[in-house]
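Spelled out, the chains give:
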Amino acid sequence: MSITSDRLRWLESLIRQDKMIPFYKCKEWRSLRLEALERDNYECQECKRKGKYTRGQNVHHLKEVKDRPDLALTLENLETVCIPCHNAIHDKRLRNDKRKPFVNEERW
């Protein structure tokens, strides 16, 4: 599935507003997400690379939507991951992202 120019403009607008929820609720994403889960047998691909089995619940964009909105609806840019792996991937990216400093908002 490729993204149409209208959908791409809509997605770029959501990115600028930092309001991605409508994208993740849209019919195209939900359909493609299910396709990725089925392709990966609902198995976390990150754990699988480490020789472990974990049930995957999240579908992760290998190239982030904010960086490559044109690949947001491309099956080859998606992989199934478990929640701990998904969180670890995003935590690592936040720490390595020079544009935004990593901020721990936990308060004691």
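Shown above is the structure to which this text applies.
Here the structure is a predicted model, which is why all the values come from computation and not from measurement. (Residues numbered from 1 in each chain as written. Predicted model: local features only at pLDDT ≥ 70, side-chain atom pairs only at ≥ 80, totals over all residues. Heavy atoms only, no water.)

A.B. asks: Explanation requested: the environment of Gln57 in the structure shown.
C.D. replies: Checked against the element boundaries, Gln57 lands in the loop between helix H4 (45-49) and strand S1 (58-61). Apart from residues lying up to four places away in sequence, Gln57 is in contact with Arg33, Leu37, Thr80, Val81, Cys82 and Ile83. (Helix = DSSP H or I, 4+ residues; strand = E, 2+ residues; numbered from the N terminus. Contact = heavy atoms within 4.5 Å.)

A.B. asks: Please explain helix H3 (residues 27-39) as it appears in this structure.
C.D. replies: Owing to its 3.6 residues per turn, the α-helix aligns residues three or four sequence positions apart on the same side. When the terminal C-alpha atoms of H3 are compared, their 18 Å separation across 13 residues agrees well with the 18 Å that a helix rising 1.5 Å per residue should span. Buried within H3 are the following residues: Trp29, Leu32, Ala36 and Leu37. Taken end-on, H3 shows its buried residues confined to a sector of 145°, consistent with a single buried face. Away from its buried face, by an angle of more than 90 degrees, H3 presents the exposed residues Lys27 and Arg30. The inward-facing, buried residues of H3 contact helix H2 (21-25), S1 and strand S2 (78-81). (Expected span 1.5 Å × (residues − 1). Buried < 20%, exposed > 50% of the residue type's maximum accessible area, 1.4 Å probe, protein only. Arc of directions from axis to C-beta.)

A.B. asks: How should I be thinking about the side chain of Thr80 in this particular structure?
C.D. replies: Of note, Thr80 is situated in strand S2. Thr80 has contacts with Ala36, Leu37, Asp40, Tyr42, Glu43, Cys44, Gln45, Gly56, Gln57, Asn58 and Val59, leaving out every residue within four places of it along the chain.

A.B. asks: Which parts of the structure should I look at to understand helix H1 (residues 5-17)?
C.D. replies: Compared with the 18 Å implied by 1.5 Å per residue over 13 residues, the 18 Å span of H1 between its first and last C-alpha is a close match. Three or more residues of H1 are buried, namely Leu11, Leu14 and Ile15. Summarising the axial view, the buried residues of H1 lie within an arc of 100°, below the 170-degree limit, and thus occupy one face. Of the exposed residues in H1, those oriented more than 90 degrees away from the buried face are Asp6 and Arg16. For H1, the secondary structure elements touched by its buried residues are H2. Two residues or fewer after H1 comes Asp18, characterised by a positive phi angle close to 55°.

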